[in-house]
Amino acid sequence: MSIASNRTVQHRPLSFDEFLAQYGSDNRYELIDGEVFDLEPTGVHEQVAGFITQKACVQIDLANLPWLVLQRPLFRPPNIEMTAFRPDVAVIDEMALENELLWREQSILTQGTSIKLVAEVVSSNWQNDYSRKLEDYETLGIPEYWIVDYAGLGGTRHIGSPKRPTLSICRLIEGQYQIQQFRGEQLISSPTFPGLNLTADQVLRIRP
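Along each chain, residues carry numbers from 1 onward, in the same order as the chain's sequence is written. Given that the model is predicted, a residue must reach a pLDDT of at least 70 before its local features are reported, and side-chain atom pairs must reach 80 or more before they are shown or counted; all residues, however, enter totals for whole chains, interfaces and linings. Computation of side-chain values covers all heavy atoms of the structure but excludes hydrogens and water.

(A) Focus on the pattern of salt bridges. One side-chain nitrogen of Lys or Arg within 4 Å of one carboxyl oxygen of Asp or Glu is enough to make a salt bridge. Inspection of every chain in the model, using the stated rule, returns 9 salt bridges. Among the salt bridges present, the one from Arg72 reaches Asp88, with a minimum N-O distance of 3.6 Å. With Arg72 in the loop between strand E4 (67-70) and strand E5 (74-75) and Asp88 in the loop between E5 and strand E6 (89-93), the pair connects residues that are 16 residues apart, well separated along the chain. Neither Arg72 nor Asp88 differs from the other in exposure class; each is buried. Residues joined by salt bridges that share partners form a network here, namely Glu30, Glu120, Asp129 and Lys133. For the purposes of this entry, the term helix denotes a DSSP run of H or I that reaches at least four residues, the term strand denotes a run of E that reaches at least two, and both are numbered from the N terminus. Burial classes: relative accessible area under 20% of the type maximum marks a residue as buried, over 50% as exposed, and values in between as partly exposed (1.4 Å probe, protein chains only).

(B) How the structure looks around the sheet that holds E4. Think of it this way: DSSP has to see at least two bridges between two strands before they count as a pair. Read across the open sheet, the 6 strands follow the order E4-E6-E8-E9-E10-E11; overall the sheet is mixed. Of all the strands in the sheet, the pair left with one neighbour each is E4 and strand E11 (176-182). Adjacent strand axes in the sheet meet at a mean angle of 15°, parallel and antiparallel pairs treated alike. As judged from the 5 bridges shared by strand E8 (residues 115-121) and strand E9 (residues 144-149), these two strands associate in the parallel manner. If you follow Val121 over to E9, its bridge partner there is Val148. Where helices are involved, their axes are fitted lines through C-alpha atoms of the stretch in contact, as for all axes, and angles between N-to-C directions lie from 0 to 180°.

(C) Here's a closer look at the pairing of E11. Sheet topology places strand E10 (residues 166-173) next to E11; 7 bridges connect them, and they run antiparallel. Of the residues in E11, the one forming a bridge with Cys170 is Ile179. Linking E10 to E11, which pair antiparallel, is a turn of 2 residues; within it Glu174 sits at a positive phi near 50°.

(D) Representation of the environment of Ala200 within the structure. With respect to the secondary-structure elements, Ala200 resides in helix H6 (residues 200-203). Residue classification places Ala200 among the buried positions, given a relative accessible area of 0%. Through-space distance from the C-alpha of Ala200 to that of Pro165 is 8.8 Å; in sequence the pair is 35 residues apart. Setting aside residues no more than four positions away along its own chain, Ala200 makes contact with Phe182, Arg183, Gly184, Gln186 and Ile188. Pairs of residues are marked as contacts when any of their non-hydrogen atoms sit within 4.5 Å.

(E) Structural view of the nonpolar core. Among buried residues, the Ala, Val, Leu, Ile, Met, Phe, Trp, Tyr and Cys ones that are joined through side-chain atoms within 4.5 Å form a nonpolar core. Grouped together as the largest cluster of nonpolar side chains are 26 residues, with contacts concentrated most on Trp146, Val148 and Ile188. Listed by contribution, the elements that provide at least two residues to this core are helix H2 (43-63), E4, E6, E8, E9, E10 and H6. When residues in this core are grouped by element, the largest group, 6 residues, is from H2. The residues contacting Val148, other than those within four sequence positions of it, are Val48, Ile52, Glu120, Val121, Val122, Thr166, Leu167, Val203 and Leu204.

(F) Quick peek at unusual backbone geometry. That bond from Ser161 to Pro162 is cis: its omega, -5°, falls within 30 degrees of zero. In this fold, Pro162 is placed in the loop between helix H5 (156-159) and E10. Here Met82, not a glycine, exhibits a phi torsion of approximately 55°, which is positive. With a phi close to 50°, Glu174 is a non-glycine residue in the positive phi region. Along the chain, Glu174 falls in the loop between E10 and E11.

(G) Summary view of H2. In a helix, the anticipated span is given by 1.5 Å times the number of residues less one. An ideal rise of 1.5 Å per residue puts 30 Å on 21 residues; H2 measures up with 30 Å between its terminal C-alpha atoms. Among the residues making up H2, those that are buried are His45, Val48, Ala49, Phe51, Ile52, Thr53, Ala56, Gln59 and Ile60. Elements in contact with the buried residues of H2: E4, E6, E8, E9 and H6. At the exit of H2 stands Asn64, carrying a positive phi of roughly 55°.

Here it is, written out as structure tokens:
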């Protein structure tokens, strides 16, 4: 199966300002601890992210919520140096954007409180999604985080053995993520979108 290859593209650490000047206009790059990662999304990767975006938009419309869905917005967490994430899918509270000082001029998010749900489609550098981003999104108070591992790439400590395609939905409870995993024909459970009627395989874009 062809998968996204997540690799660094420069030989020295970059500051956020340097990253913004060199890569800020291209949403295939993100910065983690000064390292620039080329996300190199494949067709399947984009299909999975697009499907999640489509279904989230339907739920927002049905509930008439003041939210919007963005694909790979630039998210610079506060108090985390030399880092700017590009989550594959982010559900944003439009009412919170008035508190985002960089939004109008540079379309950059900085506050976890602006984000209702974030989804990362797992690529070859799966450690970032299962560890680093999970910890940071948890600390930033993002209520729901999806780790969408359509190729079963994560380590066995995260998805078990034998490794299988897995959707991990992390729900923030008392400041910590509680993780529930879904596979196959299991119906998923999303606190942000309780009206979703989808199986794990549908989200992971796996055909019977």
